[in-house]
Amino acid sequence: MPKPRKLILVTAEHHPHHNLWLKLLDEIAKEKGLDKEVRIEDYVFLIEHGDTDELGMAWVPQLLVELDNGEIKLLLSRLPLDEKLQPSIEKAKEEIMKKLEELER
């Protein structure tokens, strides 16, 4: 069974939530003991491996994981919102950890 090896964050420095995504990446990599990589505006990578819209266009930020067999899986493409409609790092972290645990089974 392939295991998660590296987290890959594709982001844009000008994105309003760029720093939230970086924090999320750091926290999860540390907790799970995974390597991490940050790619800036790598839309080709996202079109191949991430979420896209109905026209096949990708957006940033998105967080993916590379498995030890080379496979790439999407973990999160939109930050979940809290009751005040603000981005929730806690909810995002829960969602990502759940997906990582599913991949480790």
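Note that the structure is a prediction, hence the values are computed from the model and not measured.

## Examining helix α1 (residues 18-32)
In a regular helix each residue adds 1.5 Å, so 15 residues correspond to 21 Å; α1 covers 21 Å between its end C-alpha atoms and thus fits that length. When α1 is considered as a whole, its buried residues turn out to be H18, W21, L24, L25, I28 and A29. Taken end-on, α1 shows its buried residues confined to a sector of 125 degrees, consistent with a single buried face. Opposite the buried face of α1, at more than 90 degrees from it, the exposed residues are N19 and K30. On the buried face of α1, the contacting elements are β1 (4-11), β2 (35-40), β3 (62-67), β4 (72-76) and α3 (89-103). Following α1 by one or two positions, G33 adopts a phi angle in the positive range, close to 70 degrees.

## Considering the packing of aromatic side chains
Each pair of aromatic rings is reported with the distance of its centres and the angle of its planes. Taken as a whole, this structure holds zero aromatic pairs when the rule is applied. Sitting above the plane of the F45 ring, R39 keeps its charged end 4.1 Å from the centroid.

## Considering the pattern of salt bridges
Under the defined criterion, the tally for this structure stands at 12 salt bridges. With its nearest N and O atoms 3.7 Å apart, the salt bridge here joins E66 to K6. Here E66 is found in strand β3, whereas its partner K6 is found in strand β1, with 60 residues between them in sequence. The exposure classification of E66 matches that of K6, with both residues buried. A salt bridge links E31 to K93, with the nearest nitrogen and oxygen atoms 2.6 Å apart. Of the two residues, E31 sits in helix α1 while K93 sits in helix α3, which places them 62 residues apart along the sequence. Its relative accessible area of 18% is what places K93 among the buried residues. Within the structure, one salt-bridge network assembled from shared partners comprises R5, K6, E37, R39, D42 and E66.

## Quick notes on the nonpolar core
Core analysis: the largest hydrophobic core is formed by 20 residues, its most contacted members being L7, L24, L63, L75, I96 and L100. For this core, the secondary structure elements donating two or more residues are β1, α1, β3, β4 and α3. If you tally residues by element for this core, the top one is α3, at six residues. Once you skip the residues sitting within four places of it in the chain, L63 turns out to touch L7, I8, L9, W21, L25, L74, L75, L76 and I96. Membership of the second largest hydrophobic core comes to nine residues, among which are I8, A12, L64 and I72.

Analysis parameters
- Numbers given for residues are sequential positions, taken from 1 along each chain in its written order.
- Only residues with pLDDT of at least 70 are given local features in this predicted model, and only at 80 or more are side-chain atom pairs given and counted; all residues enter the totals for whole chains, interfaces and linings.
- Values reported for side chains reflect all heavy atoms of the structure, with hydrogen atoms and water molecules removed beforehand.
- Secondary structure elements are taken from DSSP: a helix is a run of H or I of four residues or more, a strand is a run of E of two residues or more, and numbering for both begins at the N terminus.
- Multiplying 1.5 Å by the residue count of a helix minus one yields the expected span of that helix.
- Partly exposed describes any residue whose relative accessible area lies between the buried limit of under 20% and the exposed limit of over 50%, with all areas from a 1.4 Å probe on protein chains only and scaled to the type maximum.
- The arc in question is formed by the directions pointing from the helix axis toward the C-beta atoms.
- When checking whether two residues touch, look at their non-hydrogen atoms; a contact exists if any pair is within 4.5 Å.
- Ring pairs shown here join Phe, Tyr and Trp side chains whose ring centres sit within 6.5 Å, with only the six-membered ring taken for Trp; geometry is labelled stacked below 30 degrees between planes, edge-to-face above 60, and tilted in between.
- Whether a charge lies above a ring is judged from NZ of Lys or CZ of Arg, which has to be within 6 Å of the ring centre and within 35 degrees of the ring normal.
- Salt bridges are defined by distance alone: a side-chain nitrogen of Lys or Arg within 4 Å of a carboxyl oxygen of Asp or Glu.
- Buried Ala, Val, Leu, Ile, Met, Phe, Trp, Tyr and Cys residues form a nonpolar core when they are joined through side-chain atoms within 4.5 Å.

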